Amino acid sequence: MLRLMGSPDAGQVDGIGGGHPLTSKVAVVSRSADPQADVDCLFLQVQVTEARVSAQQTCGNLLVGVAPFAIERGLIPVDGDTTRVRVRIVNGDGVATATVDTRDGRVRYAGSTLISGVPFASAPVTLDFEGTEGSVCGSLLPTGSVRDRIAGVEVTCVDNGMPVVLMAAEALGVTGYESPAELEGDATLRAKVEEIRLQAGRLMGLGDVRATTVPKMSLVAAPRDGGAISTRTFIPHRVHTSIGVLGAVSVATAVLLEGSVATGIAVSGPPGDVLRIEHPTGFFDTSIEVSGSGARLRVHRSGVLRTARKLFDGLTWPRQT
């Protein structure tokens, strides 16, 4: 994978990676032996500047392309105007059900659905997640608490498919509305976020996370554009230009978690309503079905709407040495 993607190299010019963590990802897809799933997906994060490949996390954005790929490759037959594909997420052992437009007996990519951060419209793909609660760390609240104080900052640690540490932006001396470039250029802020991340990793049962890409670190602030909450997310050292799918799901879960860092900041409706997560390039809509409250909160389903498009089909050749 390192040779295919062109790592380690900041530009990944000797491979097909895009020179950024967001564009250096791989999904390995196969038929599933699990009766509850149709296909398995193993997600791999290929580091850009280091010779390291990690399977510790998953990626909801890449997951959106798995069902169309499985249909295209003949792993799953077309089933009418829409085809549902149950994808077992090998990294966390949860299941996502993707619904794909298959009118005319094939995957349909053209459509009018626009999502923030993607410049052109495509056909919608819906994802419904089950079993993602605690899928990486073992529990929804990996530290056992709704709130923790780490390095002098109040945080909430949540794992609903992606381990995320939420912090109020103002507690770190920023507004939470800065651009990714501004945040990445603030060396003092980055050092503080990393200090919190290293301590949070141990508290969340992830061990020494210096060489890993989890947990993600989300600065949260009051919404400014009609959403539930505004976010800026370190992934973990670069700042996401939007927000990851399961990262958004974990943030939305924290919005519904009584007593969390998010609840004192967010504006939201009742559970099950669409929660709009604001990010640097727009917004991300998600719906979370839960029961209970506080430390007894339980997640039953998480749903998102995304898009996917076929870019190319062929062979890529790894470097030989």
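So, how was this worked out
Numbers given for residues are sequential positions, taken from 1 along each chain in its written order. Only residues with pLDDT of 70 or above have their local features reported here, since the model is predicted, and side-chain atom pairs are shown and tallied only from 80 upward, although totals for entire chains, interfaces and linings are computed over all residues. Only hydrogens and water are set aside; all other atoms, that is, all heavy atoms of the structure, feed into the side-chain values. The numbering of helices and of strands both runs from the N terminus, where a helix is a DSSP run of H or I of at least 4 residues and a strand a run of E of at least 2. The size measure is the radius of gyration over C-alpha atoms, and the globule rule it meets is 2.2 Å times the number of residues to the 0.38 power. Exposure is judged per residue with a 1.4 Å probe applied to protein chains only, and the accessible area is read against the type maximum: over 50% gives exposed, under 20% gives buried, and values in between give partly exposed. Values of accessible area rely on a 1.4 Å probe in the Shrake-Rupley scheme; residue burial ignores everything except the protein chains shown. For this analysis, a salt bridge means a side-chain nitrogen from Lys or Arg found within 4 Å of a carboxyl oxygen belonging to Asp or Glu. Throughout, a disulfide means two cysteine sulfur atoms within 2.5 Å of one another. Polar contacts, as counted here, are pairs of nitrogen or oxygen atoms within 3.5 Å of one another; within protein the pair requires one atom able to donate a hydrogen and one able to accept it, and residues that are adjacent in sequence qualify only if both atoms are side-chain atoms. Here a residue-residue contact requires only that any non-hydrogen atoms of the pair lie within 4.5 Å. At least two DSSP bridges between two strands are required for those strands to pair. Buried Ala, Val, Leu, Ile, Met, Phe, Trp, Tyr and Cys residues form a nonpolar core when they are joined through side-chain atoms within 4.5 Å.

Caption draft 1: Local environment of the overall build of the protein chain. Summing up its helical and strand segments, the protein chain has six helices and 14 strands in all. A compact globule built from 321 residues should have a C-alpha radius of gyration of about 20 Å, and the protein chain, at 19 Å, falls within 12% of that. By the burial criterion, 50% of the 321 residues in the protein chain qualify as buried. Accessible area of the protein chain: about 14,100 Å², with a carbon and sulfur share of 51%.

Caption draft 2: View of the pattern of salt bridges. Summed over the entire model, instances satisfying the criterion amount to 18 salt bridges. Asp14 is paired through a salt bridge with Arg319; the nearest N and O atoms lie 3.7 Å apart. Of this pair, Asp14 sits in the loop between α1 (2–5) and β1 (25–31) while Arg319 sits in the segment after β14 (298–307), placing them 305 residues apart in sequence. A residue is classified by how much of its surface remains accessible, and Arg319, at 31% relative accessible area, is partly exposed. Put simply, Glu289 and Arg301 hold a salt bridge, and the shortest N to O gap is 3.2 Å. Of the two residues, Glu289 is situated in strand β13 (residues 282–291) and Arg301 in strand β14; the sequence distance between them amounts to 12 residues. Since its relative accessible area comes to 37%, Glu289 is described here as partly exposed. Among the charged side chains, a salt-bridge network with shared partners connects Asp128, Glu289 and Arg301.

Caption draft 3: The state of the cysteines, seen in detail. The final tally for this structure, using the stated rule, is zero disulfides. The thiol of Cys41 is unpaired, and the distance to the nearest cysteine sulfur, on Cys59, comes to 8.9 Å. Looking at Cys157, it has no disulfide partner, and the nearest cysteine sulfur is the one in Cys137, 8.6 Å off.

Caption draft 4: The side chain of Ser218, seen in detail. Along the polypeptide, Ser218 turns up in strand β10 (residues 216–221). By relative accessible area, Ser218 is classed as buried at 2%. Side-chain polar atoms of Ser218 contact the side chain of Thr233, separated by 2.8 Å.

Caption draft 5: Molecular detail of unusual backbone geometry. In this chain, Ser7 is followed by Pro8 through a cis amide linkage whose omega measures 0°. Tracing the sequence through the fold places Pro8 in the loop between α1 and β1. Residue Pro215 follows Val214 across a cis peptide bond; omega there is 0°. Looking at where Pro215 falls in the secondary structure, it is placed in the loop between α5 (187–203) and β10. Located in the positive-phi region is Asp104, a residue other than glycine, with phi close to 70°. Inspection of the secondary structure assignment puts Asp104 in the loop between β5 (94–101) and β6 (124–130).

Caption draft 6: Quick look at helix α6 (residues 245–255). Among the 11 residues that make up α6, 11 are buried, leaving the element largely enclosed by the rest of the structure. Of the positions making up α6, those classed as buried are Val245, Leu246, Gly247, Ala248, Val249, Ser250, Val251, Ala252, Thr253, Ala254 and Val255.

Caption draft 7: Quick look at the side chain of Thr132. Examined against the element boundaries, Thr132 turns out to sit in the loop between β6 and β7 (148–150). Those residues in contact with Thr132, other than ones at most four positions away along the chain, are Asp159, Asn160, Gly161 and Ser302.

Caption draft 8: Molecular detail of the pairing of β14. Summarising the sheet, β6 and β14 pair through six bridges and their orientation is antiparallel. Its bridge partner being in β14, Phe129 is matched across the sheet by Ser302. The antiparallel pairing of β13 with β14 creates a hairpin that spans six residues between the two strands, and Gly292 there sits at a positive phi of about 75°.

Caption draft 9: Broad picture of the nonpolar core. Counting residues in each nonpolar core, the largest one holds 78 residues, and the members touching the most others are Val39, Leu63, Phe129, Val165, Met167 and Ile196. Sorting elements by how many residues they give to this core places α6 first, with eight residues. Those residues within four positions of Val39 in sequence are excluded, and the remaining contacts are Val29, Ser30, Arg31, Ser32, Val66, Ala70, Leu75, Ile76, Val85, Arg86, Val87 and Arg88.

Caption draft 10: How the structure looks around the environment of Ser242. Within the element layout of this structure, Ser242 appears in the loop between β11 (229–234) and α6. Taking C-alpha positions, Ser242 is 13 Å from Arg306, a pair spaced 64 residues apart along the chain. Those residues in contact with Ser242 that lie beyond four places of it in its chain are His279, Pro280 and Thr281.

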